[in-house]
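Results of the structural survey
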Amino acid sequence: MTKEEYDPKIKIIEAGGYTKPELIQKMKENNILLNELAGKLIASDYFKVSKEQYQVKVVEVTVKDLGFIDGAVTSELFSKAADLQLNLCPLESAPYIRLAYFNQREGDDEQQLENQAPYGSITIASEILSEDLEVPKGFYLRRIQGDLWLRGYIADEEHVWKPDDHFIFCINE
């Protein structure tokens, strides 16, 4: 039995092979909703698509799993993840991860605090593309009243992720 077969936090995702319009159409066909920031990020020059299909192995972890019981800023999280041989995911992989994560826990907007990751969300760990606060920093997954979302977000380097915030990192084979 492989680790993927008994660890539900690890998944192998098929990515690449679609143009931007084809990828957007694939999400529409699967009833995946986008917020304005996700649409802006996908339309940007930062979002590159691969013509070739490839696989990414991903794992879902919490900030606390990375050893930060009081939370941490993004640079601390990414540095610790690298020490644990967890990698940032290609930005392009986020829509494909969303298409593979249908059983995400339900978010609860009543528990939502401003300037915090929404309850139930899973942030895709990817390279910060720009220090400009107007440029989305990446994507996160949400399930709201049964609807699946791929959402873009904006956060500065001072943002502290809470211990129970969830992230998806890539794992090298």
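Structure: above.
One structure accompanies this document, and this report is about it.

Quick notes on the rules
Residues numbered from 1 in each chain as written. Predicted model: local features only at pLDDT ≥ 70, side-chain atom pairs only at ≥ 80, totals over all residues. Heavy atoms only, no water. Axes fitted to C-alpha atoms, helices over the stretch in contact; angles between N-to-C directions. Helix = DSSP H or I, 4+ residues; strand = E, 2+ residues; numbered from the N terminus. Parallel < 35°, antiparallel > 145°, perpendicular 65-115°, else oblique. Left-handed = near helix turned anticlockwise from the far one by under 90°. Contact = heavy atoms within 4.5 Å. Nonpolar A, V, L, I, M, F, W, Y, C, P; charged D, E, K, R; others polar. Core = buried A, V, L, I, M, F, W, Y, C linked by side-chain atoms within 4.5 Å. Buried < 20%, exposed > 50% of the residue type's maximum accessible area, 1.4 Å probe, protein only. Salt bridge = Lys/Arg side-chain N within 4 Å of Asp/Glu carboxyl O. Pairing = 2+ DSSP bridges.

So, on to the packing of helix α2 (residues 20–29) against helix α5 (residues 93–100). Any two packed helices are characterised by how steeply their axes cross, that is the angle between the axes, and by the distance between the axes. Where α2 meets α5, the axes come as close as 11 Å, and the angle between the chain directions of the two elements is 20°. Judged by the inter-axis angle, α2 sits roughly parallel to α5. The element α2 and its partner α5 pack so that their crossing is left-handed. When α2 is examined against α5, the residues L23, K26 and M27 are found in contact with a partner set consisting of P95, Y96 and L99. For the contact of α2 with α5, a count of residues per class yields five nonpolar, no polar and one charged.

This paragraph deals with the nonpolar core. Counting 26 residues, the largest nonpolar core has V58, I97, I124, F139, L141, L150 and I168 as its most contacted members. Among the elements that make up this core, the one with the highest residue count is α5 (four residues). In contact with V58, other than residues within four places in its own chain, are K9, I10, K11, I13, C89, I97, Y101, I168, F169, C170 and I171. The next biggest cluster of nonpolar side chains, apart from the first, holds 19 residues, and it includes V63, L66, L86 and W161.

Turning our eyes to something else, we now look at the pattern of salt bridges. In total, this model carries one salt bridge according to the counting rule given. With its nearest N and O atoms 2.8 Å apart, the salt bridge here joins D164 to K64. Residue D164 is located in the loop between β9 (160–161) and β10 (166–171), and its partner K64 is located in the loop between β3 (54–62) and β4 (72–73); the two are separated by 100 residues in the primary sequence. With a relative accessible area of 41%, K64 lands in the partly exposed category.

The side chains of a regular strand alternate between the sheet's two faces. Burial runs high along strand β7 (residues 138–144): six of the seven residues are buried. The pairing of strand β6 (residues 122–124) with β7 spans two bridges and is antiparallel. Bridge pairing links T123 to Y140 in β7. In terms of strand pairing, β7 meets strand β8 (residues 147–153) through seven bridges, oriented antiparallel.

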